[in-house]
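Observations on chain architecture
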Amino acid sequence: MRKGILFIILSTFIAVGAFSVANKPNAYASAQAEIAMELSTGKVLLKGNSDAKLPMASTTKILTAIIIIEDCNLDEVIVVPDEAVGAEGSSIYLKKGEKIDIRDLLYGLMLRSGNDSAAALAIHHSGSIEKFAEVMNERAKKYGAENSNFKNPSGLPDNEHYTTASDLCKIACHAMKNEVFGKIVSTTNYNGKYRSYANKNKMLHLYEGANGIKTGYTLKAGRCLVSSVKRDDMNVVCVVLNCPDMYERSGKIFDYCFKNFKLLKIDKNKVFMCDRIPCKLSNDTNIVVNTNGNLDYKVTPIQSEDNAVAELEIYNENSLIFSGKLYSINA
């Protein structure tokens, strides 16, 4: 194994060994469930009770919003359906027969947590709340959320409406990769064609680099927060469920993540040598590494049907954190 060369060939990153438990936020977390992931890689940086099935209140609307963004014309003007008027809970006070475009409904959904907006969008998309819930469940599984069940687009209490911190974080990471979604949830004040809103999410003001995404609260679910912070090249998404001090707890988690982890970018044009053959990866690659210690790597010749000539393995201390095929640059 060739040590130390990785820094010269790949980047000037300093990488770390296994993190110390002592550096983690207080193990006696105030959240009933929590998790933090790096956005581009899906790497879990911290978790606690993250597979427990729990209600998630209005953080449900993350899934509602990304479905609408992916499937609908945001400039389309609709007439507010009767079923959306006077919806229970938080509201943007839609009126019967009112005309409004999908874009303004989306901003009302995510900035003001409008349950009436959620109903209007769901009915526009699928014809009914029930049909839209079916789409939500199908799409959630597509995004990697295998242990969730959705009964409505807003997060109103229902015994069969639940998720896990892990599932919700996967949905949020998928959504945050969408440029339109990211723009909506990072907006502090919105002036639309039909409506104007101020964002309820205090995290945008409380934590440097915060760029989203959604708060939630019901008596059953407690205080819930899905938040996102980007610093330098690394974007961390955090979920806390049933967390009385959701902003403070999320801040501690972000402090821990940005102190102990960095994103290592391996450029596909970086050249590695395999038995005197110059070779490289087929695509740019991101790896999350710890911030102290050393990285090691080795290049092993292989025979492959896809013409790869070697395998690159990168180790963090004794743990393999990446493996990928290398291809001759002369091929």
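Before reading further, recall that the structure is shown in the block above.
Below is a summary of the structure that appears in this document.

Here we come to the sheet that holds strand E9 (residues 222-231). Across the sheet, five strands lie side by side as E3-E2-E10-E9-E8; this open sheet has antiparallel pairing. Edge positions in the sheet fall to strand E3 (44-48) and strand E8 (210-218), since each of these pairs with one other strand and no more. Taking each pair of neighbouring strands and ignoring which way they run, the sheet shows an average axis angle of 5°. In this sheet, strand E10 (residues 234-241) lies alongside E9 in antiparallel orientation, the contact comprising seven bridges. Its bridge partner lying in E10, Ser 227 is registered against Cys 238.

Mapped onto the fold, Asn 235 is located in strand E10. What Asn 235 contacts, discounting residues up to four positions off in sequence, is Met 37, Glu 38, Leu 39, Asn 211, Ser 228, Val 229 and Lys 230.

Judged by side-chain polarity, Val 271, Met 273 and Ile 329 come together as a nonpolar surface patch covering roughly 230 Å² of accessible area. Looking at where Ile 329 falls in the secondary structure, it is placed in the segment after strand E17 (319-328).

Next up on the list: the side chain of Asp 167. Mapped onto the elements, Asp 167 comes out in helix H6 (residues 165-176). In this structure, Asp 167 is buried with no salt-bridge partner, the nearest side chain bearing the opposite charge being Lys 170 at 4.5 Å. Here Asp 167 is in contact with Gly 144, Ala 145, Glu 146, Asn 147 and Ser 148, once residues within four sequence places are set aside.

Reading guide: rules and limits
Each chain carries its own residue numbering, running from 1 in the written order of its sequence. Under the rules for a predicted model, residues below a pLDDT of 70 receive no local features and side-chain atom pairs below 80 are neither given nor counted, while totals for whole chains, interfaces and linings still include all residues. Excluding hydrogens and water, the side-chain figures rest on all heavy atoms present in the structure. A pair of strands counts as paired when DSSP detects no fewer than two bridges linking them. Numbering goes from the N terminus for both helices and strands, where a helix is a DSSP run of H or I of at least four residues and a strand is a run of E of at least two. Fitting a line to C-alpha atoms yields each axis, with helices limited to the stretch in contact; the angle taken between N-to-C directions then spans 0 to 180 degrees. Residues count as neighbours in contact if any of their non-hydrogen atoms are within 4.5 Å of one another. The patches described consist of residues with a relative accessible area above 30% and no salt bridge, like charges being joined within 9 Å and nonpolar side chains (Val, Leu, Ile, Met, Phe, Trp, Tyr) within 5 Å. In this description, accessible areas are obtained by the Shrake-Rupley approach with a 1.4 Å probe, and a residue is regarded as covered only by the protein chains that are shown. What counts as a salt bridge is simple: a side-chain nitrogen of Lys or Arg found within 4 Å of a carboxyl oxygen of Asp or Glu. The buried label applies to any residue whose accessible area, calculated with a 1.4 Å probe on protein chains only, is under 20% of its type's maximum; exposed applies above 50%, and partly exposed to all values in between. In this tally, Lys and Arg are treated as positive and Asp and Glu as negative; His is ignored, and so are the chain termini.

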